[in-house]
Structures are given as structure tokens and as C-alpha cells.
Amino acid sequence: MLKMFTTQLTGLFGRLQSKEEMEIENTARLFAQAYVGDGSLYIKGFGEMAGVAAEALQGEEPLEGVRELQDPSGLTVADRVLLVTRRTTDPQALAFAEKLIEAEVPFAVIAGKVKDAEDDLQEKADVFLNTQTVRGMLPDETGGRFGFPSLMAALYLYHGVKFVLDEILEDY
């Protein structure tokens, strides 16, 4: 089972690298605006995706200057935000996104895109990174699926953004 899961993860990371490469760069550019301007960079993870925020804030190589976002009320148009959630239909993340839109704060989202969703984070975000995980990766004996690596996919995308952002800031 582990070998199958590893094969599926390898495929997922390959798809993320090829399909999300441009959005990784766009996200890094969006965040660089906060660093070179008068803004700050914030991160908010919902549910298990708070693991991405923990990595950005307290990991071995933290994202310099990032702050954890609890309340968007004090943000300005110069600030930038990264929202990370399991799926694009997360009601808490959608409510948070609405507050950012009202405050005219640009933001990026990392989430799994739910097809044909009526209210969707992808359409609200300035930049959207799709984890491409909305269900388990392995089939079970009853026709269901298990092995749902949404946090792993989100961390992969986060690290991609961090690498590109570090390069941009180094050049600046």
C-alpha cells in the first residue's frame, strides 16, 4: 500500500510542479510587493492546513517577516495574505476572503479546486494554487478512496512559492 501511495504522491508532485509553476511565480510576485512596499505578509491556515502556517512561521527555514493572521480588520491595501484550506468551498475561508475583498487586500489561496462549486475561493483570490487533492488517492475495497494528502500538496506549493520569493528578494 505504501508503494502505491508513494507512486501517487510522486505523480501529484510532478503535476503540481508542471501545472502550478506559473501560479507559484505569480504568488511570489504578489508577496514580494508587500516586502518592497509598505505592507506586511500574513498567512492563515484553516483546519489541518494550519500546518503550512506553522511551517512558514516556525519551520527550520521560516518565511522572513510573515505573520499569522487572526483578524483581517487592521490590514491595508499594501498588505498581502496567503489563505490555505482543504477545498475551495470551505465556508470559513470564504468568509475570511470576503473580508479581505472588502478591505481591498490582495491575497493568494492554496486549496483543492472543487469542480462546479457555486461559491468558490478560486474566483475570489488574486492568485490561486490548486493542490489537486479533493479526494483520497487510493481505492479501497468498497469503491471509496483514502490517502488524502492535502497538507502535503499544500506544503509542496508553499515551498515552491518560498523558493521563488527568496530569489526575487535576493535580486531586489
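Above this text sits the structure in question.
This one's a predicted model, so the numbers in the text were calculated from it and none came from an experiment.

Draft legend 1. Region of the structure containing the overall build of the protein chain. When its secondary structure is counted, the protein chain shows 6 helices and 7 strands. Secondary structure elements of the protein chain, listed N to C terminal, follow the sequence α-α-β-α-β-β-α-β-α-β-β-β-α. Its C-alpha radius of gyration of 16 Å places the protein chain within 12% of the 16 Å reference for a compact globule of 172 residues. Principal axes of the C-alpha set define a box for the protein chain whose edges measure 55 × 35 × 25 Å. Every one of the 172 residues in the protein chain was classed for burial, and the buried ones make up 44%. Across the protein chain, contacts joining residues at least 24 apart in sequence account for 71% of those joining residues at least 6 apart. Total accessible area computed for the protein chain in this model is approximately 9,200 Å², and 49% of it derives from carbon and sulfur atoms. Here the protein chain contributes 16 positively and 29 negatively charged side chains, and the mean placements of these two sets differ by 7 Å.

Draft legend 2. Inspection of the sheet that holds strand S4 (residues 107-112) at higher detail. As summarised here, the arrangement of the 5 strands in space is S2-S1-S3-S4-S5, forming an open sheet in which the pairing is parallel. Because the sheet does not close on itself, it has two edges, and the strands there are strand S2 (67-68) and strand S5 (127-130). The sheet contact formed by S4 and S5 spans 4 bridges and is parallel. Bridge pairing links Ile110 to Leu129 in S5.

Calculation criteria
- Residues numbered from 1 in each chain as written.
- Predicted model: local features only at pLDDT ≥ 70, side-chain atom pairs only at ≥ 80, totals over all residues.
- Heavy atoms only, no water.
- Helix = DSSP H or I, 4+ residues; strand = E, 2+ residues; numbered from the N terminus.
- Rg over C-alpha atoms; globule rule 2.2 N^0.38 Å.
- Buried < 20%, exposed > 50% of the residue type's maximum accessible area, 1.4 Å probe, protein only.
- Contact = heavy atoms within 4.5 Å.
- Areas by Shrake-Rupley, 256 points an atom, 1.4 Å probe, with all protein chains shown as cover.
- Lys, Arg positive; Asp, Glu negative; His and termini not counted.
- Charge placed at Lys NZ, Arg CZ, Asp CG, Glu CD.
- Pairing = 2+ DSSP bridges.

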